[in-house]
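# Architecture and fold: a report
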Amino acid sequence: MRKKIEESAVGARARKKQHVASRGARVFDLPTRYARPLNQETLLERRKVAPQKKAILAGAHFEMVQLAKSLNFDLVAVCDPAKTGPWHDFLVYGQDEEAIVSHPCDGVILAIDDSQLRAKVQTYYAGLGVEALNVLGGTIDSSSSYGPGLVACQMSIVTTECTLGEGVRLNVGATVMHDCSVGDFTTLAPHALLLGHVTVEEECYIGAKATILPGLRVGRGSVVGAGAVVTKDVPPGRIVKGVPAR
Ligand SMILES: CC(C)(COP(=O)(O)OP(=O)(O)OC[C@H]1O[C@@H](n2cnc3c(N)ncnc32)[C@H](O)[C@@H]1OP(=O)(O)O)[C@@H](O)C(=O)NCCC(=O)NCCS
């Protein structure tokens, strides 16, 4: 009887192990499903680093992980304090910028939402002659321009005659309408919307689904809360939220 109980305990452990392994496999499949339309042909500009070279990728996006894998990047530094331990086969550095910049590499993709951290890391690598790669997962009209280190997620759109500085981050579904200007290291969270002739200065954060009405200016380093509707210019260094944003 005792032997039977021991055997069944062993069986239960084995089954649990198998279950955990299959759960792991399902989680592992997730980025592939999300990232199916993306590949290095469409995403990574040809003029940039050769795919076989090593690069560091920072950021926790499924499509970025997929891209990193397809390019044989050797490291991803996930800038998310909530994540611990290895993630999708890559190392995780949390928000430890010392650790992020400690890795020698030939190119960086910086899918970091935090503008200041992104600016620091990109500037550090630029000083070493390491290029910030452009990842074009969305649609950018050919009449618009952008600097190095643009990471534009799926479904992001930049329409006509826009100017994007260096290190701009467009999260999933972010939309930049005609004649906008987006300053260096500014982040647009998912589905943020800049209507025509909007200027968002450097290192701003425009929250998810926030809308900036036409012709307005958001001053340097300002934060616009999720879901806000901005109806007046925002002075530099301010946090505004709500409808209308205050
Ligand atoms: C606005 C924001 C930057 C926080 O600003 P904050 O001034 O530090 O706000 P706090 O968290 O201290 O909250 C202060 C008050 O504002 C409210 N508030 C917070 N965010 C708000 C928002 N987006 N819209 C309306 N009210 C908001 C809070 O409920 C709180 O209200 P209370 O005083 O009545 O309790 C943040 O809430 C936000 O919206 N960030 C963007 C998040 C995002 O888009 N993430 C995308 C991830 S991919």
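Across its full length, the chain carries five helices and 22 strands. Out of the 246 residues belonging to the chain, those deemed buried represent 40%. A separation threshold of at least 6 residues defines the contact pool for the chain, and within that pool the share at least 24 residues apart is 27%.

Close to the ligand lie N171, A189, P190, G207, A208, V223, G225, A226, G227, I239, K241 and G242, which account for all nearby residues. Here the shell around the ligand is built from residues that sort into six nonpolar, five polar and one charged.

Time to look at the pairing of strand β3 (residues 107-110). Side chains of β3 alternate between two faces, with G107 and I109 and V108 and L110 buried alike. Relative to strand β4 (residues 131-132), β3 runs parallel, the two being bridged by two bridges. Note that in β4 the partner of G107 across the bridge is E131. Read from β3 through helix α5 (residues 115-127) to β4, the crossover connection turns out right-handed.

Right, let's talk about the sheet that holds strand β11 (residues 169-170) for a bit. Sheet strands associate in pairs through backbone hydrogen bonding, adopting either a parallel or an antiparallel arrangement. Strand order in this open sheet of seven strands is β5-β8-β11-β14-β17-β20-β22, and the pairing throughout is parallel. The sheet is open, and its two edges are formed by β5 (135-136) and β22 (239-240), each paired on a single side. With two bridges joining them, β11 and strand β14 (residues 187-188) adopt parallel strand pairing. Its bridge partner being in β14, R169 is matched across the sheet by T187.

What follows deals with the sheet that holds strand β19 (residues 217-218). The sheet built from five strands is open, its strands ordered β7-β10-β13-β16-β19 with parallel pairing. The open sheet has two free edges, formed respectively by β7 (145-146) and β19, since each of these has just one partner strand.

What follows is about the confidence of the model for the chain. Fine structural detail should not be taken from predicted coordinates in areas where pLDDT scores are low. On average, residues of the chain score 75 in pLDDT, and 58% of them reach the 70 mark or higher. This model gives residues 1-43 a pLDDT under 50, and the stretch forms 26 contacts once residues within four places in sequence are excluded. Below pLDDT 50 for its whole length, residues 45-49 participates in eleven contacts with residues either more than four positions away or in separate chains.

All right, on to the environment of E166 then. With respect to the secondary-structure elements, E166 resides in the loop between β10 (163-164) and β11. For E166, the contacting residues outside a window of four places in its chain are G147, P148, G149 and D184.

What follows concerns unusual backbone geometry. In the segment running from V243 into P244, the intervening peptide bond is cis, with an omega of -10°. Topologically, P244 is positioned in the segment after β22. Of note in the backbone geometry, E161 takes a positive phi value of approximately 55° without being a glycine. Residue position: E161 is located in the loop between β9 (157-158) and β10. Owing to 15 C-beta atoms within 10 Å, E161 belongs among the partly exposed residues under this scheme.

Core analysis: the biggest nonpolar cluster contains 45 residues, and L110, I206, V224 and V230 have the highest contact counts within it. When residues of this core are traced back to their parent elements, those giving at least two are β3, α5, β8 (151-152), β17 (205-206) and β20 (223-224). The element contributing the most residues to this core is β3, with three residues. Inspection of this core shows a minimum of three residues originating in each of domain 1 (49-127) and domain 2 (135-239).

What follows is about the environment of R169. For R169, the location among the structural elements is in strand β11. When the C-alpha atoms of R169 and L150 are compared, they prove to be 5.9 Å apart, with 19 residues separating the residues in sequence. Once residues lying within four places of it in the same chain are set aside, the contact partners of R169 are D113, R118, V151, T187 and L188.

Definitions and cut-offs
Residues numbered from 1 in each chain as written. Predicted model: local features only at pLDDT ≥ 70, side-chain atom pairs only at ≥ 80, totals over all residues. Helix = DSSP H or I, 4+ residues; strand = E, 2+ residues; numbered from the N terminus. Buried ≥ 20, exposed ≤ 12 C-beta atoms within 10 Å, placed from the backbone. Contact = placed C-beta atoms within 7 Å. Near = placed C-beta within 6 Å. Nonpolar A, V, L, I, M, F, W, Y, C, P; charged D, E, K, R; others polar. Pairing = 2+ DSSP bridges. Right-handed = clockwise from strand over helix to strand, strands pointing away. pLDDT = per-residue confidence, 0-100. Core = buried A, V, L, I, M, F, W, Y, C linked by C-beta atoms within 7 Å. Domains from an automatic or database assignment.

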